[in-house]
Amino acid sequence: MKRFFIILSFVCAIPTMYAQQTFSLKQCIETGLERNYSIHIIRNEQQINNNNATLGNAGYLPTIDMDGGFSGSLNNNNNKLSDGSTEKNNGVHNETANIGLNLNWTIFDGFGIQANYSKLQELQRMGELNTRMTIEDFVANLSSEYYNLIRQKIRLNNLRSTLDLSRERLRIVEERYFIGSMSRLDLQQAKVDFNADSSNVLNQLEVVHTSRIRLNELMALQDVEEEIQIKDSLIYPNPFLDEVELWKNTLATNASLLIAQKNKTLSELDYKKIKSRNYPYVKMNAGYGYTANWYEVGTTDLQKRLGLNYGLTVGINIFDGLNRRREQRNARIQIKNQELRTQELELSLRANLSNFWMAYQNNLQLWKLEKENLVAAQENYRIAIDRYKLGELSGIELREAQNSLLEAEERQSIAEYSTKICEISLLQLSGQILNYIAPDPEKASE
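Read on for a plain summary of the structure. These numbers come from a predicted model, not from an experiment.

**Details of the sheet that holds strand S6 (residues 302-315)**
Argument step 1. Pairing within the open sheet is antiparallel, and its 4 strands lie in the order S2-S3-S5-S6. Looking at which strands have only one partner, the edges of the open sheet turn out to be strand S2 (63-80) and S6. Put simply, the sheet's adjacent strands are angled 20° from each other on average, direction ignored.
Argument step 2. As judged from the 17 bridges shared by S2 and strand S3 (residues 86-108), these two strands associate in the antiparallel manner. Its bridge partner being in S3, asparagine 79 is matched across the sheet by glutamate 87.

Set out below in structure tokens:
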């Protein structure tokens with residue numbers, strides 16, 4: 001039995017045997033934002049959208065090409081002249097070389113270029129919103145895991161305290177058994193309860209380890225098994241949230257809702273792009289180049305040309321098989337669908353906010369209730385252990401009081417954690433998660 005105590009004490013002490021780096025929630029978030037791979041990927045995708053939002057990509061600017069070439073021909077000529085004679089030239093070698101600049105510019109295409117540029121700018125803003133939404137999801141997930149690790153450590157401490165109580169009970173039973181004041185059944189029952197509590201501690205050590213590894217993974221630490229230490233040891237829910245303010249912020253800043261509104265704007269720009277084909281287009285082209293031709297026959301040996309050519313094209317599509325009409329109808333339907341999706345999302349957000357708010361309020365009440373229950377359970381156990389030491393209480397009754405204390409501690413921990421998760425969800429829903437600041441512990445505990 002003593003050997004078992006030594007082994008268990010060693011296992012419980014493993015997390016504190018190594019140098020540990022302490023992280024607050026803010027430091028965890030900052031580290032994750034700097035290192036997390038998903039954040040890097042979404043920021044790179046946003047940079048692509050930024051790079052695409054240019055005048056040239058929209059079609060505002062002309063294109064200028066420079067080209068050059070050389071060609072030749074080798075022919076046998078057989079020409080029949082008007083006087084009936086025949087002129088033959090074999091192996092006639094002609095050559096041509098040219099180089100020049102060519103400019104093409106769409107001056108007007110029925111406001112299609114303007115629609116393109118506006119769409120690229122909207123895609124750029126949507127990229128920013130996607131980045132923000134990814135960061136908000138990350139902050140919410142990391143915060144939840146941070147508080148989950150705190151909760152699991154609290155549970156581990158509660159289980160260790162329960163194990164200490166079982167150890168003390170086993171010590172008392174062993175002493176009384178050896179002097180003959182307790183039966184072997186009492187001793188075996190005390191050992192069974194002690195072993196069960198020991199098993200719970202070992203299992204909880206694994207849960208704490210898993211949560212810590214998950215937190216390291218979210219922060220993308222180089223060593224995912226690094227023994228970090230979190231700054232906070234208790235969970236302090238914020239009881240001061242306001243439902244009206246949360247809904248107001250949701251309508252104004254919720255990333256998903258803003259993205260839905262951007263999708264509607266993009267559909268409207270697609271419609272403008274299609275409508276632009278109803279207007280005439282104006283295109284300009286110009287070129288400046290040099291051309292040289294070498295001839296082996298005829299009166300000219302070498303011909304050189306250096307000059308400018310230009311032109312202006314005006315046109316309009318008169319009939320395209322009614323495709324424009326069909327596409328415009330479809331585009332109007334897409335706009336209507338985006339409006340419906342936005343309304344559907346707004347309704348869903350309202351439902352989610354209502355559910356989270358109800359859970360938040362309920363868990364706040366449970367938290368206050370469980371704090372009172374814990375005080376009563378602690379007093380109940382103190383009375384039970386005193387009566388047990390006096391021999392006025394059986395081991396089964398003491399175990400019941402001990403389990404009641406553990407259950408009260410667990411319920412309070414769950415209420416604290418559940419309230420905090422609801423708080424995080426409400427802040428994320430209202431677009432305020434990036435401004436998340438933990439409340440003052442003294443105020444939160446009132």
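**Quick look at the pattern of salt bridges**
Argument step 1. Tallied over the full model, the rule gives 27 salt bridges.
Argument step 2. As a salt-bridge pair, arginine 125 and glutamate 122 come within 2.8 Å of each other at their nearest N and O atoms. Separated by 3 residues within a single helix, arginine 125 and glutamate 122 lie in helix H5 (residues 112-178), roughly one turn from each other.
Argument step 3. For glutamate 122, a relative accessible area of 11% corresponds to the buried category.
Argument step 4. Among the charged side chains, a salt-bridge network with shared partners connects Arg277, Asp320, Arg324, Arg326 and Glu327.

**Here's the deal with the environment of lysine 283**
Argument step 1. Structurally, the position occupied by lysine 283 is in strand S5 (residues 281-294).
Argument step 2. Note: C-alpha distance between lysine 283 and aspartate 137 (146 residues apart in sequence) is 48 Å.

**So, the side chain of threonine 419**
Argument step 1. Secondary-structure assignment places threonine 419 in helix H10 (residues 395-429).
Argument step 2. A relative accessible area of 0% places threonine 419 in the buried class.
Argument step 3. From its side chain, threonine 419 meets the backbone oxygen of asparagine 363 in a polar contact 3.3 Å long.
Argument step 4. Once residues lying within four places of it in the same chain are set aside, the contact partners of threonine 419 are Pro237, Tyr360, Asn363 and Leu364.

Thresholds, definitions, all that
- Residues numbered from 1 in each chain as written.
- Predicted model: local features only at pLDDT ≥ 70, side-chain atom pairs only at ≥ 80, totals over all residues.
- Heavy atoms only, no water.
- Pairing = 2+ DSSP bridges.
- Helix = DSSP H or I, 4+ residues; strand = E, 2+ residues; numbered from the N terminus.
- Axes fitted to C-alpha atoms, helices over the stretch in contact; angles between N-to-C directions.
- Salt bridge = Lys/Arg side-chain N within 4 Å of Asp/Glu carboxyl O.
- Buried < 20%, exposed > 50% of the residue type's maximum accessible area, 1.4 Å probe, protein only.
- Polar contact = N/O pair within 3.5 Å; in protein donor to acceptor, adjacent residues only side chain to side chain.
- Contact = heavy atoms within 4.5 Å.

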